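Examination of the molecular architecture
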Amino acid sequence: MRALIIGAAGFVGSYLTEHLQKESGWSVSATKLPQEDCSLLGAELYDLDILDKDSVKALMDKLMPDCVFHLAAQSSVALSWKRPQLTVDVNIKGCVNVLEAVRQAGAKTRVLLIGSSEEYGAVREAENPVSEERILHPVNIYAAAKACQNMLGTIYAGAYGMDILMVRAFNHIGPGQAPAFAAADFCRQTAKIERGMQEPVIRTGNLSVKRDFTDVRDIVCAYAALMQRGIAGETYNVGSGRAIAIRELLEEIIGLSNAAIRIETDPDKFRPADVPVVEADIRKLERDTGWVKRYELKDTLKDMLEYWRGKV
Ligand code: A2R
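Residues numbered from 1 in each chain as written. Predicted model: local features only at pLDDT ≥ 70, side-chain atom pairs only at ≥ 80, totals over all residues. Heavy atoms only, no water.

**Structural notes on the environment of Ile261**
- Position of Ile261 among the secondary structure elements: in the loop between α8 (246–255) and β13 (262–265).
- Setting aside anything within four residues of it in sequence, one finds Ile261 in contact with Thr190, Ile193, Pro200, Ile202 and Ile254. (Helix = DSSP H or I, 4+ residues; strand = E, 2+ residues; numbered from the N terminus. Contact = heavy atoms within 4.5 Å.)

Below you can see the structure in the form of C-alpha cells.
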C-alpha cells in the first residue's frame, strides 16, 4: 500500500508516518509546508502548500497513491478567530484542492479527511455520547470550516463515487503536542515546577468541563484501521468513548510528580462558550474496524510528563 500524508509536519503526522511504516508495512510519502523543518524517517518528503492547487494536482499525478490521509489544516480554534480568512482558505479551499486533484488524477485513491469533534459544537449534557448522526452546531470558525470539509467530502463521495471517508477526531494528546493544549500545558508547568523554574502553582480555567481524551498513538491506529476497513462516504467519530473532567486530568498529572503543586482556578481563563461535557459515541468505529484503544490515560500522561521533563 502506498500512502500519502498531507500535512505531516504537525503533531499527528509523525505518529501516523511511524505507525503506517512499522505496523502496517506501508510505503509512505509525506508533505510539509516549505518553511517547516521536519524529518520523517523513511518517508519520501515533499514541500506542498495545499492552497497552490496546481502543485497539489502535480503531486497527485506524480504519486498516484493508493490512499491519502489529509491532515493539513489551520488547526487552532483560537487562531481561527484571529485569522478567519486563512482558516477558511486552508481548511475548505485547501481540502477542495486535494479532492479535485484526486478526482482529476482518476486513480482509485482512498481519501481520509480529518475533521473534529468541534463540529458538533454546543452539545447538551444529555446528548452524550455524541453520535455521528447528531446535527452540527459549530460555534467557532475552525469548527464551521471543518463541518464544511465534512460536507464537501460527503458530496464528492456521493456525486463522483469517490472513495472518501470522514473522521471527527475528539481531543488527542501525547508527547510532542504544543503547550497551547491543556494536557501538554499542565505537563510542561509540572516539569518546570519540578526544576524550580516556576512557583508551585498551576493556574487554570474551568476544571469541571469534561472532554474525551485519547492517546495520539491510538488515534493514528484508528485512522489506519479506517483506511483499511471503513466504509466509503461515511463519517466516523474517533475518540476513547469516555469523557473525564479536566480537574481529574490535572490531578492525575500532579499525582505523577513528587512536587507539592497547588491548583488555582482563574475566572479570567473561563471561556463563556465552554460546553460542559463532550463524549464520543465510538460504536460505529468499533463495529466497522474492530479498533480498540491500547493506551490508558495514566500511561499517556506519564509519557507526556517525561517528554516535558526532557524539554524544559
Ligand atoms: O500551521 P503550521 O505551520 O503548523 O502547518 C500545519 C500544516 N498546514 C498546511 N499544510 C499545507 N498547506 C497549508 N496551506 C497548510 N497550512 C497549515 O498542516 C501543520 O504542520 C499541519 C497540521 O498539523 P497540526 O496543526 O499539528 O494538526 P494535528 O494536531 O497534527 O492534527 C491533524 C488534523 C488537523 O486537520 C486537525 O484540524 C485535526 O487533525 O484535528
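Now that the structure has been shown, we can carry on.
**Concerning the environment of Arg83**
- You can see Arg83 is positioned in the loop between α3 (77–82) and α4 (84–105).
- Distance in space between the C-alpha atoms of Arg83 and Tyr142 is 9.9 Å, their sequence separation being 59 residues.

**Remarks on helix α7 (residues 216–229)**
- In a regular helix each residue adds 1.5 Å, so 14 residues correspond to 20 Å; α7 covers 20 Å between its end C-alpha atoms and thus fits that length.
- For α7, every residue scored as buried is listed here: Val216, Arg217, Asp218, Ile219, Val220, Cys221, Ala222, Tyr223, Ala224, Ala225, Leu226 and Met227.
- Between a side-chain oxygen at the N-terminus of α7 and the backbone nitrogen of Arg217 the separation is 2.7 Å; the capping residue is Asp215. (Expected span 1.5 Å × (residues − 1). Buried < 20%, exposed > 50% of the residue type's maximum accessible area, 1.4 Å probe, protein only. Polar contact = N/O pair within 3.5 Å; in protein donor to acceptor, adjacent residues only side chain to side chain.)

**Brief notes about the packing of aromatic side chains**
- Considering all chains together, one arrives at 5 aromatic pairs under this definition.
- Ring geometry for Tyr156 versus Tyr160: centroids 5.3 Å apart, planes at 55°, classification tilted. Pair noted here: Tyr156 and Tyr160 are both in helix α5 (residues 141–160), with a separation of 4 residues, about one helical turn.
- A relative accessible area of 10% places Tyr156 in the buried class.
- Note on Tyr307 and Trp308: the rings are 5.2 Å apart at their centroids and 85° apart in plane angle, and the pair reads as edge-to-face.
- For Trp308, a relative accessible area of 7% puts it in the buried group.
- If you follow Lys284 out to its NZ or CZ, it ends over the ring of Tyr236, 5.1 Å from the centre. (Phe/Tyr/Trp six-rings, centres within 6.5 Å; stacked < 30°, edge-to-face > 60°. Lys NZ or Arg CZ within 6 Å of the ring centre and 35° of its normal.)

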